[in-house]
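Examining the three-dimensional arrangement
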Amino acid sequence: MDSARPNRDDDTALAAIDAFAGPALLVGGVEHTIHHTNEQARHLLQLDTEWVTGLSAELASDRLSRTGTYRSIVKGDVHPHVIEWTAAFLPSGDTALFGRNVTLERRLRVALMESRQRYKDFVDLACHFAWETDAEGRFAFLSSEQALGFATEALLKRQPAELLAEDSDGPPLPFSARTRVHEVPVWLHAADQQSLCMAVSAIPLYSEDGRWAGARGVARDVTQQVHQSYALAQQHMDERLIGRIDHALHKSLNADEAISEAVTDIVHVFDASGCMIIRRGKPDYRPFVAKSGSLPVDATAFADRVMQAGRSESRSDAAGRLLGTPTRHGNEMNGAVVVIRPVSAIPWRDEDQTLLEDLASRIGSVNAMALHTERLRRLSECDGLTGLLNRRTFLDRLHEHTRNRDGGRSALLYLDLDNFKPVNDVLGHAQGDLVLKRFGTLLMNGSRPGDLACRLGGDEFALWIARSEEAQACIVAKRMIAGVARLEAFSADRARPLGVSIGIALSTPTSGEPVELLLERADHAMYRAKHQGKSRIAVAPPYDRDDKGPSDDGV
């Protein structure tokens, strides 16, 4: 593409262009026309001519004279060529341009930059930060602008041990590794004082003379995975323990034994220091309490508060962290579950409350079964009107008491209401039933734990007073007479007020007296009391094996 060139004497420049190893050309004139090219430059012109326009513009702007170099992009067969031109301004006014193909160099530089960025991206993706320590074990390099929330400058020259979240008596830290280590868990303090678990891998560094010069490695934040693994392990443990609790609750027909066994497992499920389960039915039903571990003195009062609120409650004070929830079966509340942790333990979480409520629903079913069993027992053992023991149950238990040779002397009171028949005849059976209920309550309230109160049938009742002498039995009998006197308003006729006649028979465990004969002696004494004017007390003579029947003596 050489054009006619004006007369030039600078043959030296032309010879230099022809001999130049890279592309070279001579341009001149106002339009910077190409006057001469060597073979490499002609090859570039064959590939592409657009680069000439950019080169001419650069010469026209005089920028090339100031910078000394200019780069052209020349389209190639496969890849573009990058030519870096250097200008030589000749005395004739022409310009000799010598080019250096920097395509490979540029590609290598770009590849290196891409490689460095790729390495940095991989490091950023694979770990929290890469690090290097020096021969004194201090941080000498950190790949990230921030590590553990600290600026890099704040960590350089610091000992990694200064970041430990807790004292460690274990093996040396991987930051001072003398051998290759992989994924060593280390708990470190972050800038916000949170503890992070870092999985640290490292290789040692040695100088040419074989001395340890530090270590190099990466640290990966695995805190979330550790917490998730812990939570999963805790969940699996909870599921196993809950399975044990379910097994304990359902394997036994005895609800009390099942709950007593389950309460210990609940302590483990909640990592608690104590647990209490309460069952409560109607006021006259037997309450039940199962405990395990250590509980504050007001734990029962807290359980009552939970039942009164009808929802889960929590409390934290010097006694500990309490969490309680009521137990239900259907819509009927029948108890409460309370667990406690030390004050130093972590607070109760929503997940803990949900789990406790789930367990409470299962315990509520067992409580309902126990209360149903109690109800059936009461129906089979107790009089339906007064709630006292029925005749059959009373006699069975009386057999047990009289066979107890360590029970001491006791007394059996046979009680029969005076002038009760007119109440039914005149005022009706509803009024009569009310009188029997009131007298049953009087008899129950007048007995002690361990005594037996019974409705034998109709308006006849019995009271077994354990470990009682005659004088004490008479005091109780007089109290019953005074109590019935307060029922005068229920009488059918003021001239024939309600009253009670009482016969007393004393029992000695060593006498061998049959229960039936003991009851008969008390019955005969009661009739003597009636014959003496009603609302009286009569004491049967002592039991005598040789007597064929009770005598007519009375008090």
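The present account deals with the structure reproduced in this document.

Reading the values: the criteria
Residues numbered from 1 in each chain as written. Predicted model: local features only at pLDDT ≥ 70, side-chain atom pairs only at ≥ 80, totals over all residues. Heavy atoms only, no water. 1 Å grid on protein atoms, 1.4 Å probe; cavity = no way out; pocket = protein on both sides within 12 Å on 5 of 7 lines; lining within 4 Å. Points joined across faces, edges and corners; volume = space filled by probe spheres on them. Nonpolar A, V, L, I, M, F, W, Y, C, P; charged D, E, K, R; others polar. Pairing = 2+ DSSP bridges. Helix = DSSP H or I, 4+ residues; strand = E, 2+ residues; numbered from the N terminus. Axes fitted to C-alpha atoms, helices over the stretch in contact; angles between N-to-C directions. Salt bridge = Lys/Arg side-chain N within 4 Å of Asp/Glu carboxyl O. Buried < 20%, exposed > 50% of the residue type's maximum accessible area, 1.4 Å probe, protein only.

1. Some remarks on empty space enclosed by the protein
Under the counting rule described, the total for this entry stands at one cavity of 30 Å³ or more. Taken as a whole, the largest cavity holds about 30 Å³ of empty space. Tallied by class, the residues present in the lining of the largest cavity amount to two nonpolar, no polar and three charged.

2. A few points about the sheet that holds strand S6 (residues 129–133)
Taken in spatial order, the five strands make up an open sheet running S7-S6-S12-S11-S10, and their pairing is antiparallel. Lying at the two open borders of the sheet, with one neighbouring strand each, are strand S7 (139–142) and strand S10 (181–189). Shown here is a sheet whose adjacent strand axes are inclined to one another by a mean of 30°, direction ignored.

3. Topic: the sheet that holds strand S5 (residues 95–101)
Overall, antiparallel pairing links the five strands, which are arranged S2-S1-S5-S4-S3 in an open sheet. Pairing within the sheet leaves two strands with one partner each, and these edge strands are strand S2 (33–37) and strand S3 (69–74). Between one strand axis and the next, the sheet turns by 30° as a mean value, whatever way the strands run. Two elements, strand S4 (residues 81–89) and S5, share seven bridges in a ladder whose sense is antiparallel. Bridge pairing in S5 links Ala-87 to Leu-97.

4. Remarks on the pattern of salt bridges
This structure, assessed with the given rule, holds 28 salt bridges. With its nearest N and O atoms 3.1 Å apart, the salt bridge here joins Arg-158 to Glu-162. Notably, a salt bridge pairs Asp-352 with Arg-349, separated by 3.2 Å at the nearest N-O pair. Residue Asp-352 is classed as buried on the basis of its relative accessible area, which comes to 5%. Under the relative-accessibility criterion, Arg-349 is labelled partly exposed at 43%.

Purely geometric numbers; function is a separate question.
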